[in-house]
Amino acid sequence: MAFRKAVKGTLIGGGAVAAAFGLSQFFEYRRNQARLAYVEAEGPLKRPFEDRLPTRQEQLAVLQNTPEFDVLVVGGGATGSGCALDAVTRNLKTALVERSDFSSGTSSRSTKLIHGGVRYLQKAIMNLDYEQYMMVKEALHERANLLEIAPHLSAPLPIMLPVYKWWQLPYYWAGIKMYDLVAGSHCLKSSYILSKSKALELFPMLKKDKLVGAIVYYDGQHNDSRMNLAIALAAARHGAAIANYTEVVRLLKKTDPDTGKERVSGARCRDVITGKSHTHSHAHTHTVALELIKCLVININLHITVAGIPSPPTLQLSVSVGSSLLFSVRRGDVLAAWSGIRPLVTDPNSKDTQSICRNHVVSVSSSGLVTIAGGKWTTYRSMAEETIDAAIKEHKLTAGPSRTMGLLLEGGKDWTPTLYIRLVQDYGLENEVAQHLAATYGGRAFEVAKMAQVTGKRWPIVGKRLVSEFPYIESEVIYAIKEYACTAIDVIARRTRLGFLNVQAADEALPRIVEIMAKQLDWSEQKKTEELEAAKQFLYQEMGYRARSEQLTKTSEITLAPQEVARYKKRFYKFDKESKGFITTLDVQQVLEVSIDENALHEILNEVDLNKNGQVELDEFLQLMSAVQRGQISDSRLAILMKTVEEGLDLRGPVSVDRSGGGV
């Protein structure tokens, strides 16, 4: 099939580019056939820990007591975890250590896209750059593999590109069609053109002036930190000894008797949690999947999560860098913010060390240290394969070709698109919670469901939520510890994604998360306080909560006109019927005449209770409404709730308290 498509592409494209395209498709087809034949001949891979993952303490014991490893991987990001999985599935005795948590760096702070790189293809065609073309082709191949081996964590994503100049429509369309063509049999779905009216129907906030139409093309999307964890856990299932919060203090070397040169022979490691150190002696090699500072060029990407923008749930909007914004994003619309550092590398073996390598670099030092640097999320598997190939060659290890192509990651086995229905039927979970568990844990979702506590309600039967607006449940915290979560930050940032979705909700969930972890890990009261404070600082400093918390402070100005003050006072006194000058949760319950979860109601008022005295005073409410009008806040649940009451909406049913839009 791939070869037939290659021939077709050659006939259509013509010339040198098309010929190169056809040949590359042919050679790729032959390579894949040979690789699949080898994997089939080798038979199924052994998974010694299929039923139960070793605990972190058991993993540390293996690291300390094993006399010798073939490969030691330093760094538990996507590439490092990929190296560990590649090595262990070649029957190499493998260890991996990470000084923080798995995916704690850039691997959890990406665009969440699995893509080949449309822009790189444009450069390849315009500059007749074969290297760029092959980089795109490799990425598209890896994109297809990633969607196959972790179907619960990834999916095709349609992306709409608005076009504002007539000449750009055929230009972009031709480029996107070439993108489809290069993907060949791995094309997710054919791209297409949308009319101006259809584009505006899908995204009504687009600028209408001069809009010509839009182009929709397909790439992949994934849950990056969970994907990283799935790779690491798959390595552990196959027998790799992996440990997070374990740092390499120094590398050990010994003199090679044949050459007289020093060779890397081991590492001195320290358990960051306990402070205990231990030595790993390795006769063979160390694969270091961390970037070397001397060959790095840092590229920082900024990301935000926003609320209240009308758009189709399954379509993403692409806005080119440098354009004017198509819609306004107010400060209050931002629910979370983070940055990721992408490593662009220079080749240390190149004569021109200033030139930027557009792919990645595998380097072997004179002491036998193998380093992989650069690259991108999508191509982690092929990068890992190349790295382990280099280690095998350098240290003359006995191992066959890579076996990770098509190898299912953690949770991929037994997953189906309708798995969540069984969770609802068998365990009595809410539909939303069941869908979330299936999409997060895949076939392992049943293990999480079995741990879920009884709610005490008629429905759902089990599954207590950590916060009312999100489908994360308490049993996920317990399961996170089995997935080597050691801190509250690990839970809110990388086992769940609550910290990336809404920092305020994450902050509200922290006390309960810490309580659950403390019971499981036997934390002291001092440790609980430290964990809570560290997690709050993480949200404050790294996830944008600092800016969000400053949206409303005790010193916030009231910039309302007199008539607006009168209007909002009237709204306030609908709840403060006794004219006390403040409202409490009891006041809200009496006005609504419906049952709202007490904890959720307390959270709603706590957002506005600046002096934290358990009540919202009139001045605090006016400060809130002033901030809403200025655009500093757009998702205050108290503002939404009180507006709903004033407008006389259906008070007999439950009033929505979701964090989304409005409030004025």
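Residues numbered from 1 in each chain as written. Predicted model: local features only at pLDDT ≥ 70, side-chain atom pairs only at ≥ 80, totals over all residues. Heavy atoms only, no water.

Draft legend 1. Focus on the overall build of the chain. Broken down by element type, the chain carries 24 helices and 18 strands. Per-residue burial for the chain yields a buried fraction of 53% across its 664 residues. For the chain, restricting intrachain contacts to residue pairs at least 6 apart in sequence, the fraction spanning at least 24 positions comes to 72%. (Helix = DSSP H or I, 4+ residues; strand = E, 2+ residues; numbered from the N terminus. Buried < 20%, exposed > 50% of the residue type's maximum accessible area, 1.4 Å probe, protein only. Contact = heavy atoms within 4.5 Å.)

Draft legend 2. Structural detail: the packing of helix H4 (residues 78-88) against helix H9 (residues 224-237). At a minimum axis distance of 8 Å, the contact between H4 and H9 shows a crossing angle of 25°. Here H9 runs roughly parallel to H4, going by the angle between their axes. For the crossing formed where H4 meets H9, the hand is left-handed. Two secondary-structure elements touch here, H4 through Ala78, Ser81, Gly82, Ala84, Leu85 and Val88 and H9 through Asn228, Ile231, Ala232, Ala234 and Ala235. Counted by class, the contact of H4 with H9 contains eight nonpolar, three polar and no charged residues. (Axes fitted to C-alpha atoms, helices over the stretch in contact; angles between N-to-C directions. Parallel < 35°, antiparallel > 145°, perpendicular 65-115°, else oblique. Left-handed = near helix turned anticlockwise from the far one by under 90°. Nonpolar A, V, L, I, M, F, W, Y, C, P; charged D, E, K, R; others polar.)

Draft legend 3. Highlighting the environment of Arg381. Within the element layout of this structure, Arg381 appears in helix H10 (residues 380-395). When the C-alpha positions of Arg381 and Glu142 are compared, they lie 7.4 Å apart, and in sequence the two are 239 residues distant.

Draft legend 4. Region of the structure containing a nonpolar patch on the surface. On the surface, a nonpolar cluster with roughly 370 Å² of combined accessible area is contributed by Met126, Trp167 and Tyr171. Here Trp167 is to be found in the loop between strand S4 (154-163) and helix H7 (168-183). (Patch = residues over 30% accessible without salt bridge, like charges linked within 9 Å, V, L, I, M, F, W, Y side chains within 5 Å. Areas by Shrake-Rupley, 256 points an atom, 1.4 Å probe, with all protein chains shown as cover. Salt bridge = Lys/Arg side-chain N within 4 Å of Asp/Glu carboxyl O.)

Draft legend 5. The environment of Leu510, seen in detail. On the secondary structure map, Leu510 appears in helix H17 (residues 503-521). Leu510 sits in the buried class, given a relative accessible area of 0%. Distance from Leu510 to Ala488, taken between C-alpha atoms, is 7.3 Å for residues 22 residues apart in sequence. For Leu510, the contacting residues outside a window of four places in its chain are Ala488, Ile492, Leu532, Ala535, Lys536 and Leu539.

Draft legend 6. Local environment of the nonpolar core. Core analysis: the largest hydrophobic core is formed by 40 residues, its most contacted members being Leu85, Ile242, Tyr380 and Leu409. Secondary structure elements with two or more residues in this core: strand S1 (71-74), H4, helix H6 (130-149), H9 and H10. Residue contacts for Leu409: discarding those within four places in its chain leaves Leu85, Ile149, Ala150, Met227, Ala230, Ile231, Ala234 and Tyr380. Ala480, Val491, Ala509 and Met517 belong to the second-largest nonpolar core, a separate cluster that totals 33 residues. (Core = buried A, V, L, I, M, F, W, Y, C linked by side-chain atoms within 4.5 Å.)

Draft legend 7. Main features of the packing of helix H5 (residues 118-126) against H7. For the pair H5 and H7, the least separation of the axes is 10 Å and the interaxial angle reads 100°. With respect to their mutual orientation, H5 and H7 come out roughly perpendicular. Residues Val118, Leu121, Gln122, Ile125 and Met126 of H5 form the contact with H7, whose own contacting residues are Tyr171, Gly175, Ile176, Met178, Tyr179 and Val182. In terms of residue class, the contact of H5 with H7 is made up of nine nonpolar, two polar and no charged.

Draft legend 8. Broad picture of helix H18 (residues 525-542). The terminal C-alpha atoms of H18 lie 25 Å apart, and with 18 residues this matches the ideal 26 Å at 1.5 Å per residue to within 8%. The complete set of buried residues in H18 reads Lys528, Glu531, Ala535, Phe538 and Leu539. Along the long axis of H18, the arc covered by the buried residues comes to 90°, so they all point the same way. Seen from the buried face of H18, the exposed residues on the opposite side, beyond 90 degrees, are Glu525, Gln526 and Thr529. Downstream of H18 by a residue or two, Gly544 has a phi angle that is positive, lying close to 85°. (Expected span 1.5 Å × (residues − 1). Arc of directions from axis to C-beta.)

Draft legend 9. The packing of aromatic side chains, seen in detail. Applying the stated rule across the entire model yields ten aromatic pairs. For the ring pair Tyr441 and Tyr479, a centre distance of 5.5 Å and an interplane angle of 90° mean the geometry is edge-to-face. On the criterion of sequence distance, the pair formed by Tyr441 in helix H12 (residues 431-441) and Tyr479 in helix H14 (residues 475-482) is long-range, its members being 38 residues apart. Summarising the burial analysis for this pair, Tyr441 and Tyr479 share the class buried. Geometrically, the ring pair formed by Phe572 and Phe621 is tilted, given 5.6 Å between the ring centres and 40° between the ring planes. Of the two residues, Phe572 sits in helix H20 (residues 562-573) while Phe621 sits in helix H23 (residues 618-630), which places them 49 residues apart along the sequence. Judged by its relative accessible area of 0%, Phe572 falls in the buried class. Connected via pairs of aromatic rings, a cluster forms that spans Trp167, Tyr171 and Tyr172. (Phe/Tyr/Trp six-rings, centres within 6.5 Å; stacked < 30°, edge-to-face > 60°.)

Draft legend 10. Region of interest: H5. Within the sequence span of H5, burial applies to Tyr120, Leu121 and Ala124. For H5, the angular spread of buried residues about the axis comes to 100°, placing them on one side. Relative to its buried face, H5 has exposed residues pointing more than 90 degrees away, namely Arg119 and Met126. Two residues or fewer after H5 comes Leu128, characterised by a positive phi angle close to 50°.

Draft legend 11. Looking closely at unusual backbone geometry. The peptide bond linking Trp459 to Pro460 adopts the cis configuration, its omega dihedral lying at -5°. Positive phi is not limited to glycine here, since Asn91 has a value of about 65°. Along the chain, Asn91 turns up in the loop between H4 and strand S2 (94-97). Judged by relative accessible area, which is 66%, Asn91 ranks as exposed.

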